[in-house]
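Tertiary structure, described
Chain by chain, the residues:
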Amino acid sequence: MSNLPEIRGKVISNTHVLIRANAEGVNLNEPFFAINWFSTKVEWMYHFYNFLASRSVVKVGGKPFFKAKVTETLVDTSNSRRDLILIVRYPNGEQFKSLMQSTYFIMVSVFRIFAVSNFTFGFTHKMEADDKSQKSDSLHYALHHFKAEKNTGEILQKIKQITPASISTKYTGQMVANLYSQEKDNEPEQIPNLMDAIVVFQSPSEQELRSLLTSAAYQEILEMTPTNHVSFLNRIF
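Attention here is on the structure that accompanies the text. (Residues numbered from 1 in each chain as written. Predicted model: local features only at pLDDT ≥ 70, side-chain atom pairs only at ≥ 80, totals over all residues. Heavy atoms only, no water.)

**Some thoughts on the overall build of the protein chain**
Here is the rule we go by: Comment: elements are numbered from the N terminus, with helices defined as DSSP H or I runs of at least four residues and strands as E runs of at least two. The globule rule used for comparison is 2.2 Å times the number of residues to the exponent 0.38, while the radius of gyration itself is calculated over C-alpha atoms. Exposed residues in this analysis have more than 50% of their type's maximum accessible area, buried residues have under 20%, and partly exposed residues fall in between, with area computed by a 1.4 Å probe over protein chains only. In what follows, residue pairs with any heavy atoms lying within 4.5 Å of each other are defined as contacts. Each accessible area is a Shrake-Rupley estimate made with a 1.4 Å probe; only the visible protein chains count as cover when residues are assessed. Charge counting follows a simple rule: Lys and Arg are positive, Asp and Glu are negative, and His as well as the terminal groups are ignored. Lysine's charge is taken at NZ, arginine's at CZ, aspartate's at CG and glutamate's at CD.
Across its full length, the protein chain carries six helices and 11 strands. Relative to the 2.2 N^0.38 estimate, which gives 18 Å for 237 residues, the radius of gyration of the protein chain is 18 Å and therefore close to what a compact globule would have. The principal-axis extents of the C-alpha atoms in the protein chain amount to approximately 55 × 40 × 30 Å. For the protein chain, the residues scored as buried account for 46% of the 237 residues in total. Taking contacts inside the protein chain between residues at least 6 apart in sequence as the whole, the part at least 24 apart equals 81%. Summed over all atoms, the accessible surface of the protein chain reaches about 11700 Å², with 50% contributed by carbon and sulfur. Side chains of the protein chain give 25 positive and 23 negative charges; the mean places of these two sets differ by 8 Å.

Here you go:
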């Protein structure tokens, strides 16, 4: 049995959901951002599911923060590319557990099961987040997520140091917890998670983003991590 901080809740019959921290010092009662990174089998059905599920998310204090679709992939190692990213802010782990236990949410999640493929998920604490930028601002977006054997915070700091002032971040976060499901007396099974950290860049110029992400300095950063995904995004909201 893990000694890491966790929140556990029963969802249906003998099925439990667990939010388990990935380090001893993680506080699951602080606000965190859920990173949904996935592909779709039927994209319109997934957006319909979002519409239906949003009332349950808002009811527990959740707030959809950013949603976008991959348009061009620059770097992809270990088959870590997906089609869509959705970032949602939650007040704390207990409120997320309440969402998972909602009868209505469980019912509408049937649409997600049929609509989504290669679903990956994890919880991050934000390092930077821009709550003010809107889709109507006509900004251009790019994503970099990675796995790091160590020094994740140091890598994020290096990214910040080489990013020009004209490029800002919509969201930067480091993974702090994962989601598990457990049936009866079986061992918990983790929902797949492909990343230790994520940066979503935003810029008035796509060319400036491209110049940054293809620069020699950025290639040095990519060489510091065993897996990387870098792509351009079309913002949905």
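**Details of unusual backbone geometry**
Most peptide bonds take the trans configuration, and most residues that are not glycine carry a negative phi. In the Ramachandran plot, Ser78 falls in the positive-phi region, its phi being about 60° despite a non-glycine side chain. As for its placement among the helices and strands, Ser78 is situated in the loop between β4 (63-76) and β5 (84-90). Here Ser78 falls in the exposed class, since its relative accessible area comes to 57%. Despite not being glycine, Asn118 has its phi angle at roughly 50°, a positive value. With respect to the helices and strands, the residue Asn118 is situated in strand β6 (residues 116-129).

**What about the environment of Ala34?**
Counting through the fold element by element, Ala34 comes out in strand β3 (residues 32-40). Sequence separation between Ala34 and Asn3 is 31 residues; the distance between their C-alpha atoms is 22 Å. If we ignore the near neighbours within four places in the chain, the residues touching Ala34 are Leu86, Ile87, Val88, Tyr90, Phe121, Gly122 and Phe123.

**So, the pattern of salt bridges**
As a reminder, the rule being used: The term salt bridge refers to a pairing of a side-chain nitrogen on Lys or Arg with a carboxyl oxygen on Asp or Glu at a separation within 4 Å.
One pass over the full model with this rule turns up nine salt bridges. Among the salt bridges present, the one from Lys97 reaches Glu94, with a minimum N-O distance of 3.2 Å. One end of the pair is Lys97 and the other is Glu94, both in helix α2 (residues 93-101) and three residues apart, which spans about a single turn. Judged by relative accessible area, which is 17%, Lys97 ranks as buried. Shared partners join several salt bridges into a network, and the residues in it are Glu6, Arg8 and Arg20.

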